[in-house]
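Chain and residue survey
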Amino acid sequence: MRSTAEQDYLKQIYLLQEGSGRATTQLLAERLGVKPPSVTAMIRRLAEDEDGPLVMHTPYRGVELTPRGLAVALEMLRHHRLIELFLSELLDVPWDQVHGEAERLEHVISEELEERIAAKLGYPTVDPHGDPIPSREGIMPVRDLCRLTDMPAGVTGRIARIEQQDEAVLQYLASLGLTLDALVRVVAIAPFGGVVTVEVEGSDGSLRHAIGEGLAERVLVQHSESDLPA
């Protein structure tokens, strides 16, 4: 049984590799809120695990998961994202509050409880923010999504994923109606600064909002191929 700290490190290495392509000591320190020497010590511990290395560290290139480390990371992500969806769907916990609860609970649920949660939810493939839920066999679902900043003007799609779910950001997006499954159309992207103007379909009709490039990049959309220009 891996310690909570080891599980957290392996999960964050996976998320950093997924997001930026590499997991460095500095990035891990920032993500986990610890000092770089603490990261170095943990990486050494994970690389020298008595049952076989969980990570490989190459100086100046960062840390990579071994197959054993990847299995642990995906298990933690499965726990985390199933718990988030359970809290959201069955307990009506707001989508901006489920992450913190799931962080605490992901380390303690049994495999039997994990399976019961998955069955109760109908074996879902995404969590409340659209993040993919790994299967019990450790297979990560793959979808063809487009960042809002990469959609041509005039194209419509449904919001399918929000990356980097800071509580304040989720609250702000919800206030604009930019939530999962919302129908959104790109009106224009400013040539300088990258501000994206969108129309969001709501119960009171469509609303137009201008959002910054940094935030728009975190909104991923499932578009219809028929909407794309030839």
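Above: the structure in question.
Residues numbered from 1 in each chain as written. Predicted model: local features only at pLDDT ≥ 70, side-chain atom pairs only at ≥ 80, totals over all residues. Heavy atoms only, no water.

**Quick notes on the overall build of the chain**
Along its length, the chain carries eight helices and eight strands. Taken over the C-alpha trace, the chain has a radius of gyration of 19 Å; the compact-globule value for 230 residues is 17 Å, and the two agree within 12%. By the burial criterion, 44% of the 230 residues in the chain qualify as buried. Intrachain contacts of the chain at a sequence separation of at least 6 include 59% that bridge at least 24 residues. Approximately 12300 Å² of the chain is accessible, and the part contributed by carbon and sulfur atoms is 52%. Across the chain, the 22 positively charged side chains and the 37 negatively charged ones have centroids separated by 3 Å. (Helix = DSSP H or I, 4+ residues; strand = E, 2+ residues; numbered from the N terminus. Rg over C-alpha atoms; globule rule 2.2 N^0.38 Å. Buried < 20%, exposed > 50% of the residue type's maximum accessible area, 1.4 Å probe, protein only. Contact = heavy atoms within 4.5 Å. Areas by Shrake-Rupley, 256 points an atom, 1.4 Å probe, with all protein chains shown as cover. Lys, Arg positive; Asp, Glu negative; His and termini not counted. Charge placed at Lys NZ, Arg CZ, Asp CG, Glu CD.)

**Considerations on the pairing of strand 6 (residues 196–202)**
Judged by how many residues are buried, strand 6 sits mostly within the fold: five of seven residues are covered. Relative to strand 6, strand 5 (residues 183–189) is paired through five bridges, and the arrangement is antiparallel. Note on strand 6: the bridge partner recorded for Val186 is Val198. The antiparallel pairing of strand 5 with strand 6 creates a hairpin that spans six residues between the two strands, and Gly193 there sits at a positive phi of about 95 degrees. Across seven bridges, the pairing between strand 6 and strand 7 (residues 205–211) is antiparallel. Its bridge partner being in strand 7, Glu199 is matched across the sheet by Arg208. (Pairing = 2+ DSSP bridges.)

**Focus: the packing of helix 1 (residues 4–20) against helix 4 (residues 67–91)**
Where helix 1 contacts helix 4, the two axes come as close as 8 Å, and the packing angle between them is 90 degrees. In terms of orientation, helix 1 and helix 4 fall into the roughly perpendicular class. In this structure, helix 1 uses Gln7, Leu10, Lys11, Tyr14 and Leu15 to contact helix 4, whose residues at the interface are Gly69, Leu70, Val72, Ala73, Leu74, Met76, Leu77, His80 and Arg81. A breakdown of the residues in the contact of helix 1 with helix 4 according to their chemical character gives nine nonpolar, three polar and two charged. (Axes fitted to C-alpha atoms, helices over the stretch in contact; angles between N-to-C directions. Parallel < 35°, antiparallel > 145°, perpendicular 65-115°, else oblique. Nonpolar A, V, L, I, M, F, W, Y, C, P; charged D, E, K, R; others polar.)

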